[in-house]
Amino acid sequence: MTPIRVALLGCGTVGREVVRLLRDHADELAARAGAPVELAGVAVRRPHKHADLADLLTQDASGLVTRDDVDVVVEVIGGIEPARSLLLEALKAGKSVVTANKALLAEDGPTLAEAADASGVDLYYEAAVAGAIPLLRSLRESLAGDRITRVAGIVNGTTNFILSAMTASGSSYADALEEATRLGYAEADPSADVDGYDAASKAAILASLAFHTRVTANDVHCEGIRSVTSADIVAAAGMGCVIKLVAICERTPPDGTSPESVSARVYPAMIPAAHPLASVDGAFNAVFVEAEAAGQMMFYGQGAGGAPTASAVLGDLVAVARNRVGGGRAPRESAYASLPVRPIGTVRTRYHVSLDVNDRAGVLAAIAGEFAHRGVSIAAVRQTGGGNGGEAARLVVVTHAAPEAALAATVDVLAGLDVVRGVDSVLRVEDLGRKGVAG
Ligand code: NDP
Ligand code: HSE
C-alpha cells in the first residue's frame, strides 16, 4: 500500500508522544488505517534538542508543509502565528490537517474550515478540547441526529487541580497554584489557564460544534479563578456545593421577545456536590452534554498531557488515512443554524453574594430593596456574627435566577451603600441540569 506521509509541526510535550505512538504502533496503525502511516519530516525551532530525529528534522516548516511527499500535516506548535499561516499553506496545497491548537481554532476556525473545503481535504481537531476524551467526534458525528441543548464541563485541568486542592486541604489559591506548578500541571506563566482563556477557547469550539453556529473566543464571557478564596470554598460547602471553573454552552429557546440563541461562558461557579461534575478532581476533565433525544451524558478522562493528547491526534490521523484509502471526507464545518450569541448580560444565572455589613435595624431591608428594585428575587438570606451593638456581621444572599446584568448592577450598588462595609465575594450558582442547591 502507498504510505500516508505525515509532516509533524512541533515536537514538544504532545509532538514527542505523537512520534512515539507512530513508531510503537506502526503495524497496528497500518492495519487500522489501510496503509502505513509514516513520518515525512518534523519541523521544530531548535533542532539540537531533537537529535534522535536526525534526518527528519527541519527548521523550514513552510517548506515541509508544501512538500510533494507529504499527505497530511499535524500541527502541535500552538498559538496563532506561525501556526495559522502554515496550516493555510498546507490546506491550500491539498494536505489534510490534524491540529490540537484550540487557541487558533477558537480565533479563526472558520477560515481553516473554508480552506479545507476549498481544497477538498480534511480538517480534524479532536485533541483541541479535553485531550484524550473523544468528545468532539461525539458532538460532530454521534449526536449529529439529535438537538444538543447544553454542553457544560470542566475543560481545564490546571484550574481543576488548583480548585480540588483548595477544596481537599483548605489551602489558599496561592499555595494550591504553587503546588500545581511544582508538580508540572501549571506552566511558569499560568495566565492562560487561571484567567480562563484556555477554557474559553474550548468553550467556543464546543458551542460551535454543538449548536451549528460560529462561536469565537471573543463571544465567550470569561472569568478566571484568581479571586477564589478559601472562604468561598467553605461557603460553597455550606450550600452543599463545590466550586469548579465551568465552561457552559447553552441553547436558549425563543420566547415572546427574543429569538432562539446560544451563549458560552467560563467562570468559577458553585455547583451541587451531587452533580457528576463535582466529583471530577485533580487534573481530569469532564463534560456533561444534554441533548433532546439522548438525554444527559458525561464524558470523563485526561484532558491534557503528552500521551493522552497524542492519542486523540493519532485517532484523527487514522481517520485521515482511512479517508484517503477509502475515498471519504471528514465532516465539513456545520454552521447553518447561525444562531445569535446572547450578550452575557441577558444570560440568566443565580448569585451567591457575601457581604460584610453593619448589624443594625434596617440594613437587611435596605439590601433586599436593592435586589427588589432590579427585579432580582432573593432565594435565601443568612447572617452570621454581629450583635445588638451594631457590630460587623456577614450577610449571605442567594438569589433565584435573574439576568446577569441585573445581578451585576445590584452588586455594584450594594458596594456603595453606607451599611455595606464590603462585598466579600460574588459567585454564580449553577445547577447544570441537576436540582438540589440549598436555598
Ligand atoms: P510545547 O511548547 O511543548 O511544544 C511546542 C513545539 O513547537 C516545540 O517542539 C517547538 O520547537 C515547536 N515550535 C515552536 N515554534 C515553532 C516554529 N515557529 N516552527 C516550528 N516549530 C515550532 O507545546 P505542547 O506540545 O504542550 O502543545 C502543542 C499544542 O497542543 C498546543 O496547541 C496546545 O494547546 C495543544 N495541547 C496541548 C496539551 C498538553 O497537555 N500539552 C493538551 C491539549 C492540547 P522546539 O522543541 O524546538 O522548541
Ligand atoms: N493547559 C490545559 C489544561 C491543557 O490545564 O487543561 C491543554 O488544553
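Here the structure is a predicted model, which is why all the values come from computation and not from measurement. All chains use their own residue numbering, which begins from 1 and follows the written sequence. Chains and ligands are labelled by the order in which they are written, letters from A for the one and numbers from 1 for the other. It should be noted that, the model being predicted, local features are given only for residues of pLDDT at least 70 and side-chain atom pairs only at 80 or more, the latter also being counted only at that level, while totals for whole chains, interfaces and linings use all residues. Hydrogens and waters are ignored; side-chain quantities use all the structure's heavy atoms.

### Examining the packing of aromatic side chains
Thinking step 1. Each Phe, Tyr or Trp ring (for Trp, its six-membered ring) is paired with any other whose centre lies within 6.5 Å, and the angle between the two planes then decides the class: stacked below 30 degrees, edge-to-face above 60, tilted in between. Under the definition given, this model contains 2 aromatic pairs.
Thinking step 2. Judged by centre distance (5.2 Å) and plane angle (5°), the ring pair of phenylalanine 284 and tyrosine 300 falls under stacked. Highlighted residues: phenylalanine 284 in strand β11 (residues 284–291) and tyrosine 300 in strand β12 (residues 295–302), separated in sequence by 16 residues.
Thinking step 3. Among the residues examined, tyrosine 300 registers a relative accessible area of 48% and is labelled partly exposed.
Thinking step 4. Two limits define a charge over a ring: the Lys NZ or Arg CZ must be within 6 Å of the ring centre, and within 35 degrees of the ring normal. Positioned above the aromatic ring of tyrosine 267 is the side chain of arginine 428, whose terminal nitrogen or guanidinium carbon lies 4.1 Å from the ring centre. Only DSSP runs of H or I reaching four residues or more are called helices, and only runs of E reaching two or more are called strands; each is numbered from the N terminus. Buried means the residue's accessible area, taken with a 1.4 Å probe over protein chains only, is under 20% of the maximum for its type, while exposed means over 50%, and partly exposed covers the values in between.

### Some words on the sheet that holds strand β3 (residues 57–58)
Thinking step 1. What the 6 strands build is an open sheet, ordered β3-β2-β1-β4-β5-β6; its pairing is parallel. Only two strands of the sheet have a single partner each, and these edge strands are β3 and β6 (123–124).
Thinking step 2. Summarising the sheet, strand β5 (residues 96–99) and β6 pair through 2 bridges and their orientation is parallel. Paired with valine 97 across the two strands is leucine 123, which belongs to β6. A pair of strands counts as paired when DSSP detects no fewer than two bridges linking them.

### What about the site of ligand 1?
Thinking step 1. One heavy atom suffices: a residue is near a molecule or strand as soon as one of its heavy atoms comes within 4 Å of it. Around ligand 1 there are 22 residues in total, and Cys11, Val14, Arg46, His50 and Gly305 lie nearest to it.
Thinking step 2. Pairs of N or O atoms within 3.5 Å make up the polar contacts considered here, provided that, within protein, one atom can donate a hydrogen while the other can accept it, and that residues adjacent in sequence are counted only when both atoms are side-chain atoms. Within the contact set of ligand 1, an oxygen atom lies 2.7 Å away from a backbone nitrogen or oxygen of glycine 305.
Thinking step 3. In this description, accessible areas are obtained by the Shrake-Rupley approach with a 1.4 Å probe, and a residue is regarded as covered only by the protein chains that are shown. Summarising the interface, the protein chains cover 79% of the accessible area of ligand 1, which totals 900 Å² for the free molecule.
Thinking step 4. Amino acids outside the nonpolar list (Ala, Val, Leu, Ile, Met, Phe, Trp, Tyr, Cys, Pro) and the charged list (Asp, Glu, Lys, Arg) are all regarded as polar, and Gly is one of them. Of the residues contributing to the shell around ligand 1, the split by class is 10 nonpolar, 8 polar and 4 charged.

### A closer look at the site of ligand 2
Thinking step 1. Around ligand 2, a shell composed of Lys102, Asn156, Gly157, Thr158, Asp193, Asp198, Lys202 and Ala304 is seen.
Thinking step 2. At 2.5 Å from an oxygen atom of ligand 2 is found a side-chain nitrogen or oxygen belonging to lysine 102.
Thinking step 3. Burial of ligand 2 by the protein amounts to 82% of the accessible area it has alone, namely 260 Å².

### Thoughts on the domain arrangement of the protein chain
Thinking step 1. Its domain assignment divides the protein chain into domain 1 (4–131 + 306–326), domain 2 (139–301) and domain 3 (344–429).
Thinking step 2. Between domain 2 and domain 3, the C-alpha centre-to-centre distance is 25 Å.
Thinking step 3. Across the contact, 12 residues belong to domain 2 and 11 residues belong to domain 3.
Thinking step 4. A per-residue breakdown of the area domain 2 buries against domain 3 is headed by Met239, Tyr267 and Met270, which together make up 40% of the total.
Thinking step 5. Salt-bridge detection follows one rule: a side-chain nitrogen of Lys or Arg within 4 Å of a carboxyl oxygen of Asp or Glu. Applying the counting criterion to the domain 2 and domain 3 interface returns 1 salt bridge.
Thinking step 6. Residue arginine 428 pairs with glutamate 223 through a salt bridge whose shortest N-O separation is 2.8 Å.
Thinking step 7. Remark: the boundary between domain 2 and domain 3 carries 3 residue pairs in polar contact (both at pLDDT 80 or more).
Thinking step 8. Mapped by element, the contributors of at least two residues to the side of domain 2 that touches domain 3 are α11 (230–238) and β10 (261–272).
Thinking step 9. Looking at which element gives the most residues to the side of domain 2 that touches domain 3, the answer is β10, with 6 residues.
Thinking step 10. Per-class residue counts for the side of domain 2 that touches domain 3 are 7 nonpolar, 2 polar and 3 charged. These domain limits were set by an automatic method or by a database of domain assignments. Contacts are assigned to residue pairs that have any heavy atoms within 4.5 Å of one another. Accessible-area loss on putting two parts together, using a 1.4 Å probe and summing over both, is the definition of buried area adopted here.

### What about helix α14 (residues 404–416)?
Thinking step 1. Helix span, expected: 1.5 Å multiplied by one less than the number of residues in the helix. Here α14 is 13 residues long and its end C-alpha atoms lie 19 Å apart, about the 18 Å a rise of 1.5 Å per residue gives.
Thinking step 2. Listed as buried for α14 are Glu404, Ala406, Leu407, Thr410, Val411 and Leu414. The buried residues of α14 occupy an angular sector of 165° when the element is viewed end-on, so they sit on one face. In this structure, α14 carries Asp412 and Gly416 as exposed residues pointing more than 90 degrees from its buried face.
Thinking step 3. Packing partners of the buried residues in α14 comprise β10, β13 (348–358), α13 (363–373), β15 (392–399), β16 (402–403) and β17 (420–429). Picture the helix axis, draw a direction to every C-beta atom, and the arc is the one those directions span.

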